[in-house]
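Summary of structural features
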Amino acid sequence: MMRYWKKTISAFIIVAIINNTIAFAASDHEKTPAAKKETGQTIFKEFILPTPYSQPFKIAVDKNGIVWFTEQGNNALGKFDPKTTKFSEYKLPSAKGADTARWGFSETDRKAFTGGFSVSSVGSLAGITIDSRGDIWFAELLGNKIGRFSPAKEEFSEYSIPTPDSGPYNIAIDSKGDVWFTERNANKIGRFSVSAVSFREYTISTPNSKPAGIAIDQKNNVWFTMADANKIGMLEPQAGKITEYNILTPTANPFDIAVDSKGNIWFTELSANKLGMYSPEMKRFDEAVVPTTSSVPLGLAIDKYDRIWFTENRGNKIGLFDPASAVFKEHDIPTIQSQPIGITISLSGDIWFVEAEREANKIGFIPELAAIPQEKAYGAGHDASEKKRGQKWDMIILIGGVVIIGLIIYFVISSRRRERGL
């Protein structure tokens, strides 16, 4: 019997040595550039705008990778081609308007993210979005209009909002092609039907709520922030019904808003220094405190991994929050006191943002490769072949293990049969 156990132990030792040898060989093959790549390290690129003090505000990227942004101080629509690094600027043809004192922000808002400088007293382009045809839509905060720019024709169209001095601010497009926007001064949500060339406005129940950010969910419901009411709202277009939800933190001052792939509603809380989330399915709020104190989180965008990218206006950083791990990561912008506001993500995954401070006057960029999560980097791009190679070695180890276990069983049974004289 003793000999039987000695042989069994010896067999397991041999198996362990063989398995370790195979595993070592496999791991040696898996140490590819893809597996070792430092994907968490950000690489900033910055591009100075042609016109000084143009005050870029919001930003979007079309399906061809062309970057578009609004220039409040210059009353122009900006265009940047990353391939040629060429800028173009298109002046708003009929920017007329109003006194800067009526541009739709409370004194708290102005101090929080304008740095005290004035905005041009004419059109003052604000929110921006791009429709399925590639046309650029934007809000004219002081001009009290919704504007459209056709890149193919290089032509503007402008549509006057029915309510005077409504302060159109942020803008979004639903799946039907209708254009939605917030009216900060008028306390309304506006809709522009492109097909009918007509407006409809929806009054918010809470007075003077200062609606700011706006986003459309997968069911075409319209979500928006109510900065001075400390709420977020949802408008159901078919019923024309608005539902309001109180944010957890008092005087949070919600600003921008976006919807993730699961239907969760994310928003920045610039006074509370938090990111907020509302789950319509669970009917509950959650909040996450931004690590940098008094960072003033403003713009936000959600990537294909459902991670939240946001600008820290006073922190001078681009923040990243991963809900899956509940971990923040912050990246210092090279330009000091750049005051980032708008942020967006291209179809390829590049992160683009504006640096609104007068002297900075730039747009910034984080390449898609630097934005890929560590656990996703292994199969990225040309490294997919390395992933297949790793899978091949996994299969070899599995088959080898099965064969070795079979040999052990055979060895043990044979030994016992010989001891019994069978």
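Residues numbered from 1 in each chain as written. Predicted model: local features only at pLDDT ≥ 70, side-chain atom pairs only at ≥ 80, totals over all residues. Heavy atoms only, no water.

1. Digging into the side chain of Asp217
For Asp217, the position within the fold is in the loop between β14 (211–216) and β15 (222–226). It turns out Asp217 is buried and unbridged, and the closest side chain with the opposite charge, Lys219, is 6.8 Å from it. Within polar-contact distance, the side chain of Asp217 engages the side chain of Trp223 at 3.0 Å. Those residues in contact with Asp217, other than ones at most four positions away along the chain, are Trp223 and Val259. (Helix = DSSP H or I, 4+ residues; strand = E, 2+ residues; numbered from the N terminus. Buried < 20%, exposed > 50% of the residue type's maximum accessible area, 1.4 Å probe, protein only. Lys, Arg positive; Asp, Glu negative; His and termini not counted. Salt bridge = Lys/Arg side-chain N within 4 Å of Asp/Glu carboxyl O. Polar contact = N/O pair within 3.5 Å; in protein donor to acceptor, adjacent residues only side chain to side chain. Contact = heavy atoms within 4.5 Å.)

2. A closer look at the pattern of salt bridges
A complete count under the given rule lists 9 salt bridges for this structure. The partner of Glu244 in a salt bridge is Lys231, with the nearest N and O atoms 2.9 Å apart. Pair noted here: Glu244 is in strand β17 (residues 241–246) and Lys231 is in strand β16 (residues 231–236), with a separation of 13 residues, a long-range link. Among the residues examined, Lys231 registers a relative accessible area of 17% and is labelled buried. Across the pair Lys274 and Glu287 runs a salt bridge, and its minimum N-O distance is 3.4 Å. Residue Lys274 is located in strand β20 (residues 274–279), and its partner Glu287 is located in strand β21 (residues 284–289); the two are separated by 13 residues in the primary sequence. By relative accessible area, Lys274 is classed as buried at 16%.

3. Focus on the nonpolar core
If you look at the biggest cluster of nonpolar residues, it comprises 23 residues, and the most contacted ones within it are Val67, Phe69, Phe80, Trp352 and Ile363. Contributing elements (two or more residues each) for this core: β2 (56–61), β3 (67–71), β27 (351–355) and β28 (362–366). Of the residues forming this core, the biggest block, 3 residues, is contributed by β2. Once you skip the residues sitting within four places of it in the chain, Val67 turns out to touch Ile59, Ala60, Val61, Gly78, Lys79, Phe80, Pro82, Trp352 and Ile363. Ala215, Tyr245, Ala272 and Tyr278 belong to the second-largest nonpolar core, a separate cluster that totals 14 residues. (Core = buried A, V, L, I, M, F, W, Y, C linked by side-chain atoms within 4.5 Å.)

4. Quick word on the pairing of strand β8 (residues 145–150)
Where burial is concerned, most of β8 is hidden: 6 out of the 6 residues are buried. Residue alternation in β8 divides its side chains into two sets, Lys145, Gly147 and Phe149 and Ile146, Arg148 and Ser150, and both sets are buried. Bridge analysis of strand β7 (residues 136–140) against β8 gives 5 bridges, and the strand direction is antiparallel. Paired with Ala139 across the bridge in β8 is Ile146. The turn linking β7 back onto β8 is made up of 4 residues, and Asn144 within it adopts a positive phi angle of 60°. In this structure, β8 lies alongside strand β9 (residues 155–160), joined through 6 bridges in antiparallel fashion. (Pairing = 2+ DSSP bridges.)

5. Brief notes about the environment of Thr163
Relative to the assigned elements, Thr163 resides in the loop between β9 and β10 (168–173). Separated by 22 residues in sequence, Thr163 and Asn185 have C-alpha atoms that sit 9.7 Å apart. When neighbours within four sequence positions are excluded, Thr163 is seen to be in contact with Asn144, Glu183, Ala186, Lys188 and Glu201.

6. Some points on the sheet that holds β16
Strand order in the open sheet made by the 4 strands is β14-β15-β16-β17, with antiparallel pairing throughout. Taken across any chain shown, the strands that pair with only one partner, and hence form the sheet edges, are β14 and β17. For this sheet the average axis-to-axis angle between neighbouring strands, irrespective of direction, equals 20°. As paired strands, β14 and β15 are joined by 4 bridges and run antiparallel to one another. (Axes fitted to C-alpha atoms, helices over the stretch in contact; angles between N-to-C directions.)

7. Concerning the pairing of β7
Counting buried residues along β7, 5 of its 5 residues qualify, which places the element largely inside the surrounding structure. Residue alternation in β7 divides its side chains into two sets, Ile136, Phe138 and Glu140 and Trp137 and Ala139, and both sets are buried. Across 4 bridges, strand β6 (residues 125–130) lies against β7 in antiparallel orientation. Bridging from a neighbouring strand, Ile130 pairs with Ile136 of β7.

8. Quick look at the sheet that holds strand β19 (residues 265–269)
If you walk across this open sheet you meet the 4 strands as β18-β19-β20-β21, and the pairing is antiparallel. One side of each edge strand has no neighbouring strand; the edge strands of this open sheet are β18 (254–259) and β21. Taken over all neighbouring pairs, the strand axes of this sheet differ in orientation by 20° on average, direction set aside. In this sheet, β21 lies alongside β20 in antiparallel orientation, the contact comprising 6 bridges. Looking across to β21, one finds that Tyr278 is bridged to Phe285.

9. Regarding the packing of aromatic side chains
For the structure shown, the criterion picks out 28 aromatic pairs. Between Phe69 and Phe87, the aromatic rings sit 6.2 Å apart at their centres with planes inclined by 85°, giving edge-to-face as the arrangement. Here the residue Phe69 occupies a position in strand β3, and Phe87 occupies one in strand β5 (residues 86–91), the gap between them amounting to 18 residues. The buried category is assigned to Phe69, whose relative accessible area is 0%. Pairing Phe181 with Phe199 gives two aromatic rings, centres 6.0 Å apart and planes at 85°, and the pair type is edge-to-face. Taken together, the residues Phe181 in strand β11 (residues 179–183) and Phe199 in strand β13 (residues 198–203) connect sequence positions 18 residues apart. Taking relative accessible area as the criterion, Phe181 reaches 0% and is therefore assigned buried. Taken together through their ring pairs, the aromatic side chains of Phe47, Phe69, Phe80, Phe87, Trp352 and Phe365 make up a single cluster. Its end group placed over the ring of Tyr169, Arg184 keeps NZ or CZ at 5.1 Å from the ring centre. (Phe/Tyr/Trp six-rings, centres within 6.5 Å; stacked < 30°, edge-to-face > 60°. Lys NZ or Arg CZ within 6 Å of the ring centre and 35° of its normal.)

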